[in-house]
Amino acid sequence: MKVSYILLGVLALLLLWSGCSYNSMNTGRINMNQKWANVQSQYQRRADLIPNLVATVKGAADFEKSTYIQTALARAGALHSAISNVSADQLTAAKMAEIQKASAEAQSAARMAINVAVEAYPQLKANQNFLSLQDQLEGTENRINVARNDFNKSVADFNISVTSFPGNLLARLFGFKEQLMFQADAGAENAPKVQF
Amino acid sequence: MMKTIKNGLRITGFAVLLLLMTGLRGFADDKDYPDRPNPPALVNDFAQILSQDQVLELENKLEDFARTTSNQITIVTMKNLGGHDVEEYSVEVFNRWGLGQSDKNNGVLLLVSMDDHKAWITVGKGLQGVLTDAQSGIIFRNELRPAFKAGDYYKGLYDATDAIIAITRGEYKADGLHRGEHDAPLTAIIIFIIFIIIIIRIIRGGGRGGGHYYSRGGWGSFFTGMFLGNMLGGWGGGDNDSGGWGGGDGGGFDGFGGGSTDGGGAGGSW
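Residues numbered from 1 in each chain as written. Chains lettered and ligands numbered in written order. Predicted model: local features only at pLDDT ≥ 70, side-chain atom pairs only at ≥ 80, totals over all residues.

### Here we look at the overall build of chain A
Then step 1. Along the backbone of chain A there are five helices and zero strands.
Then step 2. Traced from its N-terminal end to its C-terminal end, chain A shows the element sequence α-α-α-α-α.
Then step 3. Within the span of chain A, comprising 196 residues, buried residues form 34% of the whole.
Then step 4. Considering only intrachain contacts with a sequence separation of at least 6, the fraction spanning at least 24 residues in chain A is 82%. (Helix = DSSP H or I, 4+ residues; strand = E, 2+ residues; numbered from the N terminus. Buried ≥ 20, exposed ≤ 12 C-beta atoms within 10 Å, placed from the backbone. Contact = placed C-beta atoms within 7 Å.)

Dropping the structure here:
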């Protein structure tokens, strides 16, 4: 009689505990998805800004046929398609590497086009519109970094909750899997900087 | 038997604590970034490029603005950033200190690094609608850069903050902030007063006619008066200089409101 009460109590506690754990893991996952959405929108912004910037360069200088412009546009387009419709749980190592590569290439192609254009047409340096778009492009870079750091932090929290004992037993039961983090951009430091 | 269980529990507890501690470990290196100033200040001239009078002048201007609009424009000057990028460093300082109000994110950080001739304006999300990256860039190029090139740091900081003030003035009102702060406790206090009055009534119900001096509404009105007094004091204080959260620090700047930034803003080298 007594033993069955104790068993019942233990069972109730177990149920309560797993409910709590599920909720906290789920909160972690929602938080992570939201942070990922931020990352995504910042990448998107970068992809959208580059064509604007290119348009300004084209307007200010007769620069249309330049291959640099074409490359910048193509890379921006590639970034756009790399980042679109990717949810956080689709982020495999390969997908993340693809996004990072596309982003770095887009930024680098845009900078290259800017540098070449400014060299050919120094009057661009006085073009307010051109300078402003460039500020925005730089700002986007910073926002991407911040959003990615935030995402990584939320992933770290989530991973701790699903991999540490005893939560990991439940995580397996509920189907929570460890999430990958963003790595530092390879070769980000030798990307061409805008210079004038 | 009991003892082993106890020991087991103790060890588990310790392990959990250890786990928590490793989990809470920060990501960035703390010693690279300045601590939040105490007492709070909006002008933090760590590189010592300004005279004391100039610091005071800037501080007064920015404090006035913070009081009327709740926008917190903050200046930080550094000798160097220990190898960090100015953008990344600014975001870190911004979010560690919590510039702007937490519900509005209306802070602006103007950070300069003297050794590498870099300056960056970082804007909280709540002000990015008016103080865009493009606007920040224009302020940097038109106000800050020429003066810094000429070595007139005070003029650069003064003119740049003037421009930021002009652009962000219309965005928020301090009134809204303080009302918001006091609204919730007000209802709670009223409910509490009613509760106390009821309790007193019930207690006094038994001793009615006892003829105690205080019991003829004495304690009831005493408490009511006290709470009302506190409450009104809070209201009044909130709307003028000396109010705010800390209070009693001489009517200066109350402290950062816990805002954050997503990294927007602009800047460059001079």
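### Quick notes on the overall build of chain B
Then step 1. When helices and strands are counted, chain B shows seven helices and five strands.
Then step 2. Relative to its full complement of 270 residues, chain B shows a buried share of 33%.
Then step 3. Long-range contacts, defined here as pairs at least 24 residues apart, represent 73% of the contacts in chain B between residues at least 6 apart.

### Thoughts on helix H2 (residues 52-69) of chain B
All names here are of chain B.
Then step 1. Under the 1.5 Å per step criterion, the end-to-end length of H2 is 26 Å for 18 residues, consistent within 8% with the ideal 26 Å.
Then step 2. Along H2, the residues classified as buried are Val55, Leu58, Leu62, Glu63, Phe65, Ala66 and Thr69. For H2, the arc enclosing every buried residue in end-on projection is 160 degrees, short of the 170-degree limit, so these residues lie on one face. In H2, the exposed residues that point more than 90 degrees away from the buried face are Gln52, Asp53, Leu56 and Asp64.
Then step 3. Within two residues after H2, Ser70 carries a phi angle of roughly 70 degrees, on the positive side. (Expected span 1.5 Å × (residues − 1). Arc of directions from axis to C-beta.)

### Brief notes about the interface of chain A and chain B
Then step 1. The interface of chain A with chain B comprises 14 residues on the first partner and 15 residues on the second.
Then step 2. For the side of chain A that touches chain B, a count of residues per class yields four nonpolar, six polar and four charged. (Nonpolar A, V, L, I, M, F, W, Y, C, P; charged D, E, K, R; others polar.)

### Quick word on the packing of helix H4 (residues 133-149) of chain B against helix H5 (residues 153-168) of chain B
Residue and element names in this part refer to chain B.
Then step 1. Following both chains from N to C, one finds H4 and H5 inclined at 160 degrees, their axes separated by 7 Å at the closest point. In terms of axis orientation, H4 runs roughly antiparallel to H5. Here H4 runs over H5; the crossing is right-handed. Each of Gln135, Ile139, Glu143, Leu144, Ala147 and Phe148 in H4 lies in contact with H5, whose residues at this interface are Tyr153, Lys155, Gly156, Asp159, Ala160, Ala163, Ile164 and Ile167.
Then step 2. Looking at side-chain class alone, the contact of H4 with H5 contains nine nonpolar, two polar and three charged residues. (Axes fitted to C-alpha atoms, helices over the stretch in contact; angles between N-to-C directions. Parallel < 35°, antiparallel > 145°, perpendicular 65-115°, else oblique. Left-handed = near helix turned anticlockwise from the far one by under 90°.)

### Considerations on the sheet that holds strand S2 (residues 72-78) of chain B
All names here are of chain B.
Then step 1. With mixed pairing, five strands are arranged side by side in an open sheet as S1-S2-S3-S4-S5. Looking at which strands have only one partner, the edges of the open sheet turn out to be strand S1 (43-45) and strand S5 (264-269). Averaged over all pairs of adjacent strands, the angle between their axes in this sheet comes to 10 degrees, without regard to strand direction.
Then step 2. With six bridges joining them, strand S3 (residues 107-113) and strand S4 (residues 118-123) adopt antiparallel strand pairing. Of the residues in S4, the one forming a bridge with Val112 is Ala119.
Then step 3. Of the strands in this sheet, S2 and S3 touch H5, which is tilted by about 155 degrees from S2. (Pairing = 2+ DSSP bridges.)

### Description of unusual backbone geometry
A negative phi angle is the norm for most residues apart from glycine, just as the trans form is the norm for most peptide bonds.
Then step 1. The omega angle of the peptide bond from Phe165(A) to Pro166(A) is 0 degrees, so this bond is cis rather than trans.
Then step 2. Summarising the element assignment, Pro166(A) is placed in the loop between helix H4 (128-163) and helix H5 (167-174).
Then step 3. In this structure, the amide linkage connecting Asn38(B) to the following residue, Pro39(B), adopts the cis form with an omega of 0 degrees.
Then step 4. Assignment of secondary structure puts Pro39(B) in the loop between helix H1 (2-23) and S1.
Then step 5. In this structure, Ser70(B) takes a positive phi of about 70 degrees despite not being glycine.
Then step 6. You can see Ser70(B) is positioned in the loop between H2 and S2.
Then step 7. The exposure class assigned to Ser70(B) is buried, which follows from the 24 C-beta atoms found within 10 Å.
Then step 8. Backbone geometry places Asn105(B), a non-glycine residue, at a positive phi of 50 degrees.
Then step 9. On the secondary structure map, Asn105(B) appears in the loop between helix H3 (86-97) and S3.

### Overview of the packing of H4(A) against H5(A)
Residues and elements named next belong to chain A.
Then step 1. Where H4 meets H5, the axes come as close as 6 Å, and the angle between the chain directions of the two elements is 100 degrees. Accordingly, the angle class assigned to the pair H4 and H5 is roughly perpendicular. Where H4 abuts H5, its residues Ser161, Val162 and Thr163 lie against Gly167, Asn168 and Ala171.

### What about the environment of Phe176(A)?
All names here are of chain A.
Then step 1. By secondary structure assignment, the location of Phe176 is in the segment after H5.
Then step 2. In sequence terms Phe176 and Met25 are 151 residues apart; their C-alpha atoms lie 7.7 Å from each other.
Then step 3. In this structure, Phe176 is in contact with Met25, Arg29, Val162 and Ala171, ignoring residues within four places of it in sequence.

### Digging into the confidence of the model for chain B
Then step 1. Considering every residue of chain B, the mean pLDDT works out to 77; 67% of them sit at 70 or more.
Then step 2. With pLDDT under 50 throughout, residues 207-218 of chain B is counted as low confidence; its partners more than four residues away or in other chains account for five contacts. (pLDDT = per-residue confidence, 0-100.)

### Details of the pairing of S2(B)
Residue and element names in this part refer to chain B.
Then step 1. In terms of burial, S2 is a largely internal element, seven of the seven residues being buried.
Then step 2. Of the two faces of S2, both are covered, the one formed by Gln72, Thr74, Val76 and Met78 as well as the one formed by Ile73, Ile75 and Thr77.
Then step 3. Looking at chain direction, S2 and S3 are connected through seven bridges and run parallel. Counterpart to Ile75 in the pairing with S3 is Leu110.
Then step 4. This β-α-β element, S2 to H3 to S3, shows right-handed connectivity. (Right-handed = clockwise from strand over helix to strand, strands pointing away.)

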